[in-house]
Amino acid sequence: MELEPELMLQEARESVEAAQSYRRELSQRLQGLREARRQIKESASQTRDVLKQHFNDLKGTLAKLLDERLVTLLQEVDTIEQETIKPLDDCQKLIEHGVNTAEDLVQEGELAIRGGIGEQNEKLWSFTKKASHIQLDSLPEVPLLVDVPCLSAQLDDSILNIVKDHIFKHGTVASRPPVQIEELIEKPGGIIVRWCKVDDDFTAQDYRLQFRKCTSNHFEDVYVGSETEFIVLHIDPNVDYQFRVCARGDGRQEWSPWSVPQIGHSTLVPHEWTAGFEGYSLSSRRNIALRNDAESSGVLYSSAPTYFCGQTFFCPVDRVETVGQPDRRDSIGVCAEKQNGYDSLQRDQAVCISTNGAVFVNGKEMTNQLPAVTSGSTVTFDVEAVTLGSTNNNEGGNFKLRLHSQLGLRGFTGVEKWKSKFDIFDGFLYETLLPLALSLLISSFLHTETPWLLLGHLLHNGQNSVI
């Protein structure tokens, strides 16, 4: 039974679409093969250049060291020769002087003898007197050959075998590095880089992370330590960066080969303070606020609402200085929107942690309390949207924002020291949540720096603060 023309046409279209999809998949795999081939070729060429340069440098260094050692040994020979020849030279001069004196005395004595022994022979009398004053039986000591140095070179030929053994074992060619970058996570003004070991036989002691702009030819060190993740700050938004990592084995000095460079970027603009707020001076990046002597009291908000649900905001407290009396309104917190006229975030649509550890949600103090914020503390906020009922693109639905706050001590990696959870901000959920404005209010005796945060600040009692 023959198919209907329309069915045949539909089947043909589906076959064409399947073939096109198949061709796209194959093209992508060909592209992957080309990239894999390019990586092998480029890394092999780079490895050849590195090996040639290294061994050329090694040969030059070895030749220089051998020449320096030869010069040292020749100088040692010269020194021994000069020091041992000098006494012989002095002895030779003494003997030669004695020989000359004896020759003169012989000649003078022979002339005196020819003159006879008459009374008028003054030469004989003078010679006899002169000879009596010369010690003709005093001979200088001449050292025996066994008592003088006989120089020789002592060369151990076994060094050739030792050097040969080290040379034959020097250097290795690794087909893949022991560590690789596994994840790049964008943050406001930064990128979190995570890496892991891919060689189970390799025991890592330290890691070394480098990055650069893709337009740059030079990588920069940004982290060296034992952690397996690091947030790279001061990242320009929408700019591609390359990251690579290597490791140092346990008890080793040299670094492993570099991982395959990974490209990442951040579309999130960095958090910064609002400029022009009386009573505060901002750093060039507007991430640090310094309280000045001007009369001002209120909330210093971030310049824009760039903190979104799902992001983690942490505020490390680097320094604490008590200046004046602390105020219960001094706190760290987040709010849904900027509201002028308030001198604290202890208000509606805001949650904050006072510097004494009291927690305020929508202006009410909660029964649970966190420890006081001190030097070395890190305050962390995580906000998630909890949907209550159905949602669609047109009508939306009810929701709550659930905030998880945490106060821990720096150095407790992966340990949640104290935690609290609150439901805040009843609202209406549409297709996309509006970004939350993150505001930070901290006690005027706290000094912190968080380069990628959206911040706000409250001051009381004329105290100074750096944030």
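Each remark here, short or long, concerns the structure printed above.
Residues numbered from 1 in each chain as written. Predicted model: local features only at pLDDT ≥ 70, side-chain atom pairs only at ≥ 80, totals over all residues. Heavy atoms only, no water.

Caption draft 1: Molecular detail of a positive patch on the surface. Taken together, the side chains of Arg37, Lys41, Arg48 and Lys52 define a basic patch exposed on the protein surface. You can see arginine 48 is positioned in helix H1 (residues 5-114). (Patch = residues over 30% accessible without salt bridge, like charges linked within 9 Å, V, L, I, M, F, W, Y side chains within 5 Å. Areas by Shrake-Rupley, 256 points an atom, 1.4 Å probe, with all protein chains shown as cover. Salt bridge = Lys/Arg side-chain N within 4 Å of Asp/Glu carboxyl O. Lys, Arg positive; Asp, Glu negative; His and termini not counted. Charge placed at Lys NZ, Arg CZ, Asp CG, Glu CD. Helix = DSSP H or I, 4+ residues; strand = E, 2+ residues; numbered from the N terminus.)

Caption draft 2: A look at the nonpolar core. Counting 16 residues, the largest nonpolar core has Val193, Trp195, Leu209, Val232, Phe243 and Val245 as its most contacted members. Breaking this core down by element, the ones donating at least two residues are strand E1 (179-187), strand E2 (190-197), strand E3 (204-213) and strand E6 (241-249). Those residues in contact with leucine 209 that lie beyond four places of it in its chain are Val193, Trp195, Glu220, Asp221, Val222, Tyr223, Phe230, Val232, Arg244 and Val245. Formed by ten residues, the second largest nonpolar core is a distinct cluster that contains Val334, Val351, Val373 and Phe381. (Core = buried A, V, L, I, M, F, W, Y, C linked by side-chain atoms within 4.5 Å. Buried < 20%, exposed > 50% of the residue type's maximum accessible area, 1.4 Å probe, protein only. Contact = heavy atoms within 4.5 Å.)

Caption draft 3: Inspection of the sheet that holds strand E11 (residues 331-335) at higher detail. One open sheet holds the four strands; their spatial order is E11-E12-E13-E14, and the pairing between them is antiparallel. Bordering the open sheet on either side are E11 and strand E14 (364-369), each of which pairs with just one other strand. In this sheet, neighbouring strand axes are inclined to one another by 20° on average, regardless of whether the strands run parallel or antiparallel. In the sheet, strand E13 (residues 358-361) pairs with E14 via three bridges, with the strands oriented antiparallel. By the bridge assignment, phenylalanine 360 is partnered in E14 with glutamate 365. (Pairing = 2+ DSSP bridges. Axes fitted to C-alpha atoms, helices over the stretch in contact; angles between N-to-C directions.)

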